[in-house]
Amino acid sequence: MDRHRRVTFESSSSSESESDSDFSSASLHNTSPVENSTPTTEPLTSGKRKRGSSENENNNETKGSTRPRLQKMEKEESSHPEHTQDPGEIHFSAVQQVVITAIHATDLTLGLLRIPAGFHVVIKTDGAECQTSNKSVHVDQAVVEWNEPILLPCDTSFKVRISVYASFELGTMLGHGEVLRTFEISVRELLDRSENSRPIIFQPKQGEVVSPCTSLSLTLEQRLSVENDAAVLCPLIVLTSRDMDALAVETDVGHRLLAQYRRTQKSSDLDQSINHFERISDLCPMDHPYRPAALCNLATAKFVSCQAGKRYLDLDIPINLFQDALDLRPIDHTDRTVTQLHLTVSLLSRFAKWGFQTDAVAARELLSEVLDACHADSYIHRAALIAIETSALHSVGSTDANDPGQEWPAASMLPLSPNQLAERAEWCLQRDDPHALNEVISLHYDALGYYNTGHAYRGQLLCNLSVMLITRFERRGNDEDLDQAIALQREALGLHPVGQTDRCTPLNNLANQLSSRFKHRGNDEDLDQAIALHREALALRPVCHTAWSSSLNNLANQLSSRFKHRGNDEDLDQAIALHREALALRPVGHTARSSSLNNLASQLFSRFKHRSNDEDLDQAIALRREALALCPVGHIDRSGSLNNLANELSSRFKHRGNDEDLDQAIALQREGLALCPVGHTDLSGSLGNLANQLSSRFDHRGDEEDLDEAIALQREALALRPVCHTDRSKALGSLANELSSRFHHRSNDEDLDEAIALHREALALRPVGHTDRSGSLNNLANQLSSRFKHRGNDEDLDQAIALYREALALCPIGHMNRSGSIGNLANQLSSRFEHRGNDEDLDQAIALYREALALCPIGHTDRSKALGNLANGLSSRFEHRCNEEDLDEAIALQREALALCPVGHTDRSTSLSSLADQLSFRFKLRGNHEDLDEAIALHREALALRPIGHTDRSSSLSSLANKLCTRFEHQHNREDFDESQDNLRHALTLLTEYDPRQLVVQKSLAKVHLSFHDSELDATDAGEDDDSLNAAMHHLQAAANVVSAGLLPRLQASLSWVRRARQHSHGTELEAHITSIQLLDAYMSTTASVSSRHNIMRHFPSTLAVDAASCALHSGDVCRAVELLEQGRTIIWTQMTRPRTPLDTLQTRGDDAAAPEATQRVDVEAEEARYRRLVKDWNGAVEEIRKIEGFSRFLLPPSFSDLQDAARGGPIIVLISSKSSCDAIIILHEQPPTKITLPTKLEKLQTLVARFRRRSTPVLTTALIELWDDVVRPVVKNLGPFAPRGSRIWWCPTSLFHFLPLHAAGEYREDGESLSQQYISSYTPSLTALMKARRSYDRCLSVPFAAIGQNRPAGASFTLECVEPELELVRSLLPPAVSFTKISSVDATRSRALFALQDNTWLHFSCHGTQNFDEPFKSAFLMRDQPLSLLDITQMDLSRHEFTFLSASAGLQFAGVKSVIGTLWTVDDSTVQRLVEAFYKILCKSGKMNSKRAAWALHQAVGSLARDKDMPLDQRIVFIHIGV
């Protein structure tokens, strides 16, 4: 007889982490279920959700609480290795068994965020699992019961995992679904609890008030079984299909992540969920039985993503997925109705957003089918009814707006009364509690579902809910809240038809919310509609109405907004008139008089800024003072009133320059800040306002403490506006502007980079449509422009212009900011013209300046600035084209601008200086001394307006000094020279050590001393003359060393030093060259891409390195000449390869060396800021390495003794051509270098190069003889003692020598001498390249060889017929051990060629080639689809590549390959065939591949061709060898 023991097991909600959960019990024995995650600390005392409470009930501390303590149970490891038998094969024969006979679960739908199809339980043990049937539930069903026997292990110490799931398919299930509860417990514990029937209470999930499944009861039996008794039990099932198992696991992970996202709102969880569901969808093709379920899961996650990310245009994706799933589920399918419901919700969401009637019609049809097919008590039926009721307004009325992705609630309860809801709403408005706000919004939605359209309370609920949604929008910036609030207000207005006395309130409410949306998105229709609604509200209130003044103010405020947006003067004047009328209705003593005073003052101030009428500004300040007097100490509005008055006093200071206004403004702002303690809602704004005033005072007086305090205040203000705060973008911009000011003052690159990063973040918070987007675009563009001026990066300039163009597009004709936006764009176009010289930029800039001026008529506050901008543009065009009309117009405009800046105007000094500069230009053009004298007088007046302490006094001193210097150059008045020099010295003393303007002053001082030197004013005093020249060079040197000025200005200053020192044959010429090369190297290291570095090189003297070497030679320092030449010529290659410099030697030093981590090559073109940080880190690491013994010259330019190692295999001849001389330097391995002055000149070499380009045999012969006589023979004569006949030599040509076939020089007569008879010639681009090739030799033991040929590249006009035969010939000549790969014809694309370069160290190219001498990086091999350029190749590390044969131009020889065969010019197919055959036969003769033999093999092969007198001379000498 069987022994029976009944066990009842109860559990409730748990906190879920991953797939595990926890629970606690009111009474626990020593053994308990295993707990796997941290429990929540605030369980509910009831299984039902609290729908409301009084304010006091929100206290989290409850005295005398009997809340059960949570207990954390550690997970026990199972130790039963004997349980390895497959459960599917267990044989039952008279053994004791444990069976679960029944399971009861309660409240499975409580708090569930998705509509489930059914529920089931899974029990796992020892790698096997058993699953109950999937049961659906109806609305009022509290308990779900399964009476399905489940066999458990006989060993009672075994652990089992019990999981309750909500599934989303009733039919064939894909995975388990969303886990509701899961825990581990031993069989012994289950039996023990069976006997005592003790319940276990679960906590709600973390962050939730209630959670699904509040209890779980299991009934167990223990009995003896006989053989064949297992048939009545449910055996443990082992999943045998690996594919199905993978699909199930992947699906469950997706459900878990989606549920986790709904709780935590972490977007990464949602993204991962989508990724899992997408993979499952890909694994389920069209005919797969699980495809409908996979599509539904993916669609659900996509729908949640669209709502959460506000990507409403993407709703098409989940809609299409739901539709596809529905098509795969026929009418009789058990899951068709739930699919229809999901599709309906998606369609209604799209309808609510875009108003597509087809969506509404389709949704209604689907809902009708759902209602017909579903039981009236089912959750699906109930959700369909709710959707029908709410679809007329919007499709999300019964969802929690904080989680747009969640579906319909699973239960409906009696809501709180409207008054109770109003109390809770008021409580939320007074506190920033996101959870409470979400809860009260949810409660309002529940109430709306209860109080239908005809109920008297519905209007009140609609208005209050709208207010709460607006509040949440203002705090978090969710657009959907704003749209819903407006929709609710429209419904509320509809409840008050025309003629009702209380229609005014909903009119005003709707108008205010439309105004908010206009400010957020900039849609004109919203603003116009708001104004129309306010006009209607005003018309409904008679003059005597108590709210008449409020209606006047509301309408006036909206008219003011429209004026700011469109610039219509009538709107502004009408707003002022309305505010005056409102103020008249609020006499002295009226409680709202202060508000009216401030409103009128604001509009008067706006009109002042628009028309520059001083009376408006003075009246605004008077009104602000009266408003402040109405807010005595202790008044709640005093802080705001102080700020308002301070801001307008600051504006008057800027307009009239009265220091008292500025100081008073700061004092008021400090008082206002003191009234805003920590936690005050206005604290952030008050901090920002004080910061702005301190910044203005810094600009005026130059006190750095003001600037630093302003930045500290702005940082504090930003910290109070976290992500999602509606004013965060404003705080970001304010801090960025202050950092920019400090950068301009101290030139700290970090300030500028941080300012740009902040402006980028601010711009991202102002998407397309935002009313302030134009301002953010301008701010970011301004900083990028500053960085361009500081670093010279073209991308910053181009991006700034693009941003300014976008900003201008947002300011259409009539917009009040259009003039300023036009000016910004014009300024940048002018800057780009100065940088690149494109006339179109300048002409467009001037056209824009004229348009901006037209928008600033007489009386406009910005007219002076617009006049000045146009004048500067015309002046630039005059300098470029010498059109005197432009100059005369510029001066006339500057005079008009100056007239608009009377004495006391803050911009007068700037206007004076600008006019002075234009007059100075005209003096240089026409020589009219009156212009120069007037310019000096204007600069003197400007200087007087910038007293000691003014931030621009140094600039004024410099400007005046420059004009005095100009007059000294023409009139030789010693007083002008002395005053000019004194002013500049004084200007220098006013600048801090961080001020970048030191560079300009130093250059000006150099100019003054050079002018004195050139004037020969005191020719009798030669010593003074020499002192002036020495002083000039000293100041140029000092200018080049002003670190804070930035690398580009310093480099330009050092190049000026080079020019002046060469011009005057000064002894610092060599030092100037050295400094210039060092600065060029440093400047290029801050540039992210190889192409950008090459573009930089184009803007600087191409002969800098050669001239430096020539200068060193003339000073007798041959070794120094070689060092400078090598450093200067390899700058771009050194920078290109620097990130992958081998650190092999350093690695042997162990941990003592702080070697920088190797970084993978990335697209740093788009990450320049990151690249600069890497350079800074790199330089810091390098400095640490140089402190290690033996590494003092780590990564420094090599010394001559280092470079001599390049000559280890034979002499290297360096050829230098400059204007002063042409020289050769023979570099030997362990002996001093030999300098040879060649009997030729630069002009003669130019002629010789031109003759070689003609390439006819007679001309070539003559040219080769001349090359022998003037260049090669003098070298050969000096080589005799060091290089035996037949040995190898290397040529390292510079400048014009690059284009000469040095290896082929000779007498070209019978028995005549030639170089090829005596030596085997190779070339090298630099000594460093040759050293690197030798250093890494013999590292590669295998011979992977790729032959790449392209006979018909893209765009070619003819076919290379011999490509295929050539590649096959190469294959036939290589040794059998070589791993050969051929890529040709359609396979020879750019990408395939790059892969071949990566995978093979021996290469042979046979294809068209292009060589670009002006832009070498555009030299390329022509492939089938697109060129394979030198820039592509240099992005790869070819330092391990042994050999390359190029049957094309040799312009691609500098990429790091050890040994290269190339051609100087076009080669015939027949020549290539013969040379290839001869070369590879000689190279591979021994059966081994050795790239060191390439030069010798080529020498022998070319010699065989030379014996064929029928072959043209240009074909016999076309091939060259480069490398080891």
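Up top is the structure.
What counts as what
Residues numbered from 1 in each chain as written. Predicted model: local features only at pLDDT ≥ 70, side-chain atom pairs only at ≥ 80, totals over all residues. Heavy atoms only, no water. Helix = DSSP H or I, 4+ residues; strand = E, 2+ residues; numbered from the N terminus. Buried < 20%, exposed > 50% of the residue type's maximum accessible area, 1.4 Å probe, protein only. Areas by Shrake-Rupley, 256 points an atom, 1.4 Å probe, with all protein chains shown as cover. Pairing = 2+ DSSP bridges. Expected span 1.5 Å × (residues − 1). Arc of directions from axis to C-beta. Contact = heavy atoms within 4.5 Å. Axes fitted to C-alpha atoms, helices over the stretch in contact; angles between N-to-C directions. Parallel < 35°, antiparallel > 145°, perpendicular 65-115°, else oblique. Left-handed = near helix turned anticlockwise from the far one by under 90°. Nonpolar A, V, L, I, M, F, W, Y, C, P; charged D, E, K, R; others polar. Core = buried A, V, L, I, M, F, W, Y, C linked by side-chain atoms within 4.5 Å. Salt bridge = Lys/Arg side-chain N within 4 Å of Asp/Glu carboxyl O. Right-handed = clockwise from strand over helix to strand, strands pointing away. Phe/Tyr/Trp six-rings, centres within 6.5 Å; stacked < 30°, edge-to-face > 60°. Lys NZ or Arg CZ within 6 Å of the ring centre and 35° of its normal.

Chemist: Just checking my understanding: could you explain the overall build of the protein chain for this structure?
Modeler: Along the backbone of the protein chain there are 55 helices and 24 strands. Split into buried and exposed, the 1524 residues of the protein chain put 55% on the buried side. Carbon and sulfur atoms provide 50% of the accessible area of the protein chain, an area that totals close to 66400 Å².

Chemist: I would appreciate a short explanation of the sheet that holds strand β21 (residues 1428-1429) in the present structure.
Modeler: For sheets, the rule is that strands pair by backbone hydrogen bonds, running either parallel or antiparallel. Overall, antiparallel pairing links the 3 strands, which are arranged β19-β20-β21 in an open sheet. Edge strands, defined here as strands with exactly one partner in the open sheet, are β19 (1409-1410) and β21. Two elements, β19 and strand β20 (residues 1420-1421), share 2 bridges in a ladder whose sense is antiparallel. Looking across to β20, one finds that T1410 is bridged to A1420.

Chemist: When you look at helix α26 (residues 794-809) in this model, what are you seeing that I'm missing?
Modeler: A turn of α-helix holds 3.6 residues, and therefore any two residues three or four places apart point the same way. Compared with the 22 Å implied by 1.5 Å per residue over 16 residues, the 23 Å span of α26 between its first and last C-alpha is a close match. D796, L797, A800, I801, L803, Y804, A807 and L808 are the residues of α26 that are buried. One side of α26 carries all its buried residues, which in axial view fall inside an arc of 165°. The inward-facing, buried residues of α26 abut α24 (749-764), α25 (773-791), α27 (818-836) and α28 (839-854).

Chemist: Hey, could you run me through the packing of helix α37 (residues 1047-1063) against helix α38 (residues 1069-1085) in this one?
Modeler: Geometrically, a packed helix pair is captured by the angle between its two axes and the distance between the axes. Axis separation between α37 and α38 bottoms out at 9 Å; the angle between their running directions is 160°. Taken together, the axes of α37 and α38 lie roughly antiparallel to each other. The crossing of α37 and α38 is left-handed. Contact with α37, carried on its side by L1047, L1048, R1050, L1051, S1054, L1055, W1057, V1058, A1061 and R1062, involves E1069, E1071, A1072, H1073, T1075, S1076, L1079, L1080, A1082 and Y1083 of α38 and no other residues of that element. Of the residues in the contact of α37 with α38, the class split is 12 nonpolar, 4 polar and 4 charged.

Chemist: Could you clarify how one ought to interpret unusual backbone geometry in this entry?
Modeler: Backbone phi values are negative for most residues with the exception of glycine, while trans is the configuration of most peptide bonds. Even without being a glycine, S1295 presents a positive backbone phi close to 50°. Structurally, S1295 is set in the loop between β14 (1288-1293) and α48 (1315-1318). When its relative accessible area of 28% is taken as the criterion, S1295 is described as partly exposed. Residue Y1308 is not a glycine yet carries a positive backbone phi of 50°. Relative to the helices and strands, Y1308 is located in the loop between β14 and α48.

Chemist: Just to check I follow, could you spell out the nonpolar core for this structure?
Modeler: Here is a general trend for soluble globular proteins: nonpolar side chains tend to be buried in one another's company. Of all hydrophobic cores here, the largest spans 96 residues; its most connected members are V1272, W1291, F1345, F1479, Y1480 and F1519. At 10 residues, helix α47 (residues 1257-1279) tops the list of elements feeding residues into this core. Excluding residues that lie within four positions of it along the chain, V1272 makes contacts with L1267, W1291, L1302, A1305 and L1315. Core analysis: the next-biggest nonpolar cluster, separate from the first, contains 73 residues, I103, I162, L247 and A387 among them.

Chemist: When you look at the pattern of salt bridges in this model, what are you seeing that I'm missing?
Modeler: Oppositely charged side chains are able to pair whenever their charged atoms sit close together. Tallied over the full model, the rule gives 77 salt bridges. The residue D753 makes a salt bridge to R787 at a minimum N-O spacing of 3.2 Å. Here the residue D753 occupies a position in helix α24, and R787 occupies one in helix α25, the gap between them amounting to 34 residues. Judged by relative accessible area, D753 falls into the partly exposed class, the value being 22%. The class of R787 is buried, set by a relative accessible area of 6%. With a shortest N-O distance of 3.0 Å, E1364 and K1382 are connected by a salt bridge. With E1364 in helix α50 (residues 1363-1373) and K1382 in strand β17 (residues 1379-1384), the pair connects residues that are 18 residues apart, well separated along the chain. E1364 sits in the partly exposed class, given a relative accessible area of 28%.

Chemist: What am I meant to see in the sheet that holds strand β8 (residues 159-167) here?
Modeler: With antiparallel pairing, the 4 strands of this open sheet are ordered in space as β5-β4-β8-β9. What marks the edges here is a single partner per strand, and that holds for β5 (128-131) and β9 (178-186). Averaged over all pairs of adjacent strands, the angle between strand axes in this sheet comes to 20°, irrespective of strand direction. Bridge analysis of strand β4 (residues 118-125) against β8 gives 7 bridges, and the strand direction is antiparallel.

Chemist: I tried to follow the pairing of β17 on my own but got confused; where do I start?
Modeler: Residues in a regular strand point their side chains to alternate faces of the sheet. One ladder, built from 6 bridges, connects strand β16 (residues 1344-1350) with β17; its direction is parallel. Looking at β17, one finds that G1349 is bridged to S1384. At this point the chain moves from β16, through α50, to the parallel β17, and the crossover so formed is right-handed.

Chemist: I tried to follow the packing of aromatic side chains on my own but got confused; where do I start?
Modeler: How two aromatic rings sit relative to each other is given by the distance of their centres and the angle of their planes. A complete count under the given rule lists 13 aromatic pairs for this structure. Taken together, a centroid distance of 6.0 Å and an interplanar angle of 20° make the contact between F1345 and F1380 stacked. Residue F1345 is located in strand β16, and its partner F1380 is located in strand β17; the two are separated by 35 residues in the primary sequence. Seen in terms of ring centroids, W1402 and F1443 are 5.6 Å apart; in terms of plane orientation they differ by 40°. Their pairing is tilted. Remark: F1443 occurs in strand β22 (residues 1443-1449) and W1402 occurs in strand β18 (residues 1402-1407); sequence separation between them is 41 residues. For W1402, a relative accessible area of 2% gives the class buried. Classification of F1443 by relative accessible area gives buried; the value is 0%. Put simply, the rings of F1345, F1380, W1402, F1443, F1445, F1479, Y1480 and F1519 pair up and form one aromatic cluster. Over the ring of F1299 we find R1253, and its NZ or CZ is 5.8 Å from the ring centre.

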